[in-house]
Amino acid sequence: MKINHILSLFLLIISILIAGCDKVLNKENLTAINPDIVWNDPVAANAYLNDIYKKVMPELPHEGTNSDEAASRSQLPDQLKGTGTIDSWGGYWDYSNIRKINFLLEKIESGTIDSDTKKVIKGEAFFFWAWLYFGMVRAYGGVPIVLRAQKANEGEALNVPRNKTSECIAQIITDLDSAIAYVPVAYGSEDAGRIDKIAASAFKGRVLLYYASPQFNPQVDINRWQNAYNATKDALHEANAGGKGLYENYRNIWYDDLNKEMIMYRRYLFPSDVYNQMGFRPVAYIKFQVGWDWPTLDLVNSFPLKDGSAYNPVVLGYDTLWKYRDDRFYASITYNGSDYGIKELVEANKYLWTYHIKVNPDPNQEGGALWSVTSFYRNKAIDKTLDLGTANSATVPNIEIRYAEVLLNLGEAANEIGKSNEALDALYQIRARAGILPGVDNKYGITASSKEDIRNAYIRERQVEFAFEDKRWWDLRRWRRFDILNQQVNKHGLYITKENPPFPEGKENINLIYDQFVNTVVKTDGGENINIPDNYYFYPLAKDELDRNPNLKQTKGWDGGTFDPLE
């Protein structure tokens, strides 16, 4: 995304506007800054908006340890153990950026920027207001709706109570409708990545899908599912008309810039806008960080075979787990003896080897060539051109919404309103792109036919399609399916050993030597049990927020809370 670098002048303007500092504004000299010029100058106004983009647009996610996607070498997080307190759920309460957006929407109306430019800026601001509020609502349920830039000296007027969840969703949809009406259908390549009509429409579909899902809709109000279907149908129409679609090469979705799958995304620009990929890398090629998104064996097992059937380790065994899997497996997972392709391994003419040289089934025992607690590494969205000295300067984009999500959102909603054929067709399209064979019945290994079976097929498909894209935990919450994690009891990995030489370390062919390794299933994350209670479907408000605002009520299920997030 082309976000103009905010110069010192604009940073000063923004700080003055937010702080309301009159002393600086009263200076009459060549360096004086009148805040009114911001809303009279499209360049300055866009600089203010760009600052919101930079703070709010999500970065490439990692730490799948918060679901069943990835393991760590330490203990389970509190949210999976069921030991969370009201202060264990930070990071979602964000009224500082809401205030910045409200300030923009108030001030821009009085400026002299031309109406077309003003409309686009407002549309993008409306989108981010909705984005931030949805981030809070999916965590807590209803939160205080604040539609103006509050001032620090307002006293009791600052203590706004929580609105009903239904009121928050209604306001989010109102703002998204404004965004859809105001922003362009699409941007040119220079501004690619800014919020356009396709992205806003797709996000509206996501919001309504959540609101229709069991987390918010345990009584199954079919009208909510119909609304989700209608909105997502509109979004898919916009996407198709704009040339969007499933990108043929799943692996390259994150590497081929501006490909047709990308709908809402954050682009990075070296050297001013980069992020750190150090923790994704093998132990020998990191600095002080390790263990981001080691794929669990549970995730590895979830990828189907090439014919679309489920992988069954009891029948097939783990010694050849990499054989005959769908394309998404190889794009997402690297394994013992695979061609990982990061710069250091390419230069050393080596494959990735994660086995241990002694028989000791302890996942915390380091050993082997490139040790991992599960024997796997994440492959998705890894910048292979970086090395030890540059791995903190990655520029692979984060694709927050892609065409596949819009398609599956539509199919999931279609299933709930009785359109099973449409729901199945979406699954077929996703699997066809994954390189799964159609079979004699052209069903790509899908055997589901009833509403419940199709619903479960969507749960399985989303797990592999969106691995490491920060979807899994939120999906399990909105489906009210913590039982899926609880029934696993633990997270698991493989402990791979080789007792006798020769010990491969170069480009030995794993297909020829796989039977020389012993694969032992082990518990990871300290062997602790997963035990998530149902009250975690809605998070509590932190003590600091409750102390700051006496009009806030705690969420039901937490410390005597009385606020009902289902209203």
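Residues numbered from 1 in each chain as written. Predicted model: local features only at pLDDT ≥ 70, side-chain atom pairs only at ≥ 80, totals over all residues. Heavy atoms only, no water.

(A) Spatial organisation of the packing of helix α14 (residues 403-416) against helix α15 (residues 420-433). Running from N to C, α14 and α15 point in directions that differ by 150 degrees, and their axes come no closer than 7 Å. The angle between α14 and α15 falls in the class roughly antiparallel. Of the two elements, α14 crosses α15, and the hand of that crossing is left-handed. Contact with α14, carried on its side by A404, L407, L408, L410, G411, A414 and N415, involves S420, E422, A423, A426, L427, Q429, I430 and R433 of α15 and no other residues of that element. Of the residues belonging to the contact of α14 with α15, the class tally is 9 nonpolar, 4 polar and 2 charged. (Axes fitted to C-alpha atoms, helices over the stretch in contact; angles between N-to-C directions. Helix = DSSP H or I, 4+ residues; strand = E, 2+ residues; numbered from the N terminus. Parallel < 35°, antiparallel > 145°, perpendicular 65-115°, else oblique. Left-handed = near helix turned anticlockwise from the far one by under 90°. Contact = heavy atoms within 4.5 Å. Nonpolar A, V, L, I, M, F, W, Y, C, P; charged D, E, K, R; others polar.)

(B) Local environment of the nonpolar core. Judged by nonpolar contacts, the single largest core of 113 residues is most densely connected at L104, F127, F128, Y133, I172, F203 and I263. Among the elements that make up this core, the one with the highest residue count is helix α6 (residues 115-140) (15 residues). If sequence neighbours within four positions are ignored, I263 has contacts with I198, A199, A202, A239, K244, I401, R402, Y403 and V406. Counting 30 residues, the second-largest nonpolar core is a separate cluster that includes Y250, W292, L352 and L370. (Core = buried A, V, L, I, M, F, W, Y, C linked by side-chain atoms within 4.5 Å. Buried < 20%, exposed > 50% of the residue type's maximum accessible area, 1.4 Å probe, protein only.)

(C) Up close: the layout of surface pockets. As a volume, the largest pocket reaches approximately 990 Å³. Lining the largest pocket are 36 residues; nearest its centre among them are P58, Y92, R138, D470 and W474. (1 Å grid on protein atoms, 1.4 Å probe; cavity = no way out; pocket = protein on both sides within 12 Å on 5 of 7 lines; lining within 4 Å. Points joined across faces, edges and corners; volume = space filled by probe spheres on them.)

(D) Local environment of the environment of F126. If you trace the backbone, F126 turns up in helix α6. Along the sequence, F126 and N66 sit 60 residues apart, while their C-alpha atoms lie 30 Å from each other. Sequence-distant contacts of F126, that is, excluding residues within four places in its chain, are made with L105, D175, S178, A179 and Y182.

(E) Up close: the pattern of salt bridges. The full count for this structure, using the stated rule, is 34 salt bridges. D387 is the partner of K343 in a salt bridge, and the nearest nitrogen-oxygen pair spans 3.5 Å. Of this pair, K343 sits in helix α13 (residues 343-347) while D387 sits in the loop between β5 (377-378) and β6 (398-402), and the two are 44 residues apart along the sequence. In this structure K343 comes out as partly exposed when scored by relative accessible area, which is 31%. K380 is paired through a salt bridge with E469; the nearest N and O atoms lie 2.8 Å apart. On the criterion of sequence distance, the pair formed by K380 in the loop between β5 and β6 and E469 in the loop between α16 (451-465) and α17 (472-478) is long-range, its members being 89 residues apart. Neither residue differs from the other here; K380 and E469 are each classed as buried. Because the salt bridges share partners, they merge into one network encompassing E261, D326, R328, K380, R402, R431, R433, E461, E465 and E469. (Salt bridge = Lys/Arg side-chain N within 4 Å of Asp/Glu carboxyl O.)

(F) Local environment of empty space enclosed by the protein. Within this structure, the stated rule accounts for 3 cavities of 30 Å³ or more. Within this model, the largest cavity holds a volume of roughly 100 Å³. What lines the largest cavity is a set of 13 residues, among which Y318, W322, N336, I496 and N519 lie closest to the centre. Residues of the lining of the largest cavity, tallied by class, amount to 10 nonpolar, 2 polar and 1 charged.

(G) Examining helix α7 (residues 165-182) more closely. Spanning 18 residues, α7 covers 26 Å between terminal C-alpha atoms, matching the ideal 26 Å at 1.5 Å per step. Of the residues making up α7, those classed as buried are T165, C168, I169, Q171, I172, I173, D175, L176, S178, A179 and I180. (Expected span 1.5 Å × (residues − 1).)

(H) Region of the structure containing the packing of α15 against α16. Where α15 meets α16, the closest approach of the two axes is 11 Å, and the angle between their N-to-C directions is 25 degrees. When the axes of α15 and α16 are compared, the pair comes out roughly parallel. Relative to α16, α15 is oriented so that their crossing is left-handed. From α15, S420, A423, L424, A426, L427, I430, R431 and R433 reach across to α16, where they touch I454, A457, Y458, E461 and E465. Residues that form the contact of α15 with α16 fall into these classes: 8 nonpolar, 1 polar and 4 charged.

(I) Fine view of a nonpolar patch on the surface. Among the surface-exposed residues, V314, V315 and L316 lie close enough to one another that they form a single nonpolar patch of about 330 Å² accessible area. Within the fold, V315 resides in helix α11 (residues 313-316). (Patch = residues over 30% accessible without salt bridge, like charges linked within 9 Å, V, L, I, M, F, W, Y side chains within 5 Å. Areas by Shrake-Rupley, 256 points an atom, 1.4 Å probe, with all protein chains shown as cover.)

(J) A look at α6. With 26 residues, α6 should cover 38 Å at 1.5 Å per step; its first-to-last C-alpha distance of 37 Å lies within 8% of that length. Burial runs high along α6: 21 of the 26 residues are buried. With its phi angle positive at about 85 degrees, G141 sits one or two positions after the end of α6.

(K) Quick look at the side chain of E400. Looking at where E400 falls in the secondary structure, it is placed in strand β6. Ignoring anything within four residues of it in the chain, the contact list for E400 reads P58, W131, R206, M264, Y265, E405 and K471.

(L) Spatial organisation of the packing of aromatic side chains. According to the stated counting rule, one finds 41 aromatic pairs in the structure shown. Judged by centre distance (5.2 Å) and plane angle (65 degrees), the ring pair of W39 and Y48 falls under edge-to-face. Residues W39 and Y48 agree in their burial class; the two are buried. Ring geometry for W93 against Y140: centres 5.6 Å apart, planes inclined by 75 degrees, an arrangement best described as edge-to-face. One end of the pair, W93, is in the loop between α4 (78-81) and α5 (95-107); the other, Y140, is in helix α6, and 47 residues separate them in sequence. A relative accessible area of 22% means that W93 is categorised as partly exposed. One aromatic cluster in this structure is built from Y53, F127, F128, W131, F134, F203 and Y210. (Phe/Tyr/Trp six-rings, centres within 6.5 Å; stacked < 30°, edge-to-face > 60°.)

(M) A look at the confidence of the model for the chain. Confidence along the chain averages 91 in pLDDT terms, with 92% of residues attaining 70 or more. In the model, residues 1-13 has pLDDT below 50 throughout and makes 30 contacts with residues more than four positions away in sequence or in other chains. Below pLDDT 50 for its whole length, residues 16-33 participates in 18 contacts with residues either more than four positions away or in separate chains. (pLDDT = per-residue confidence, 0-100.)

(N) Representation of unusual backbone geometry. P271 follows F270 through a cis peptide bond whose omega is 5 degrees. A positive phi angle, close to 60 degrees, is found at D293, a residue other than glycine. Tracing the sequence through the fold places D293 in the loop between β2 (262-266) and β3 (294-295).

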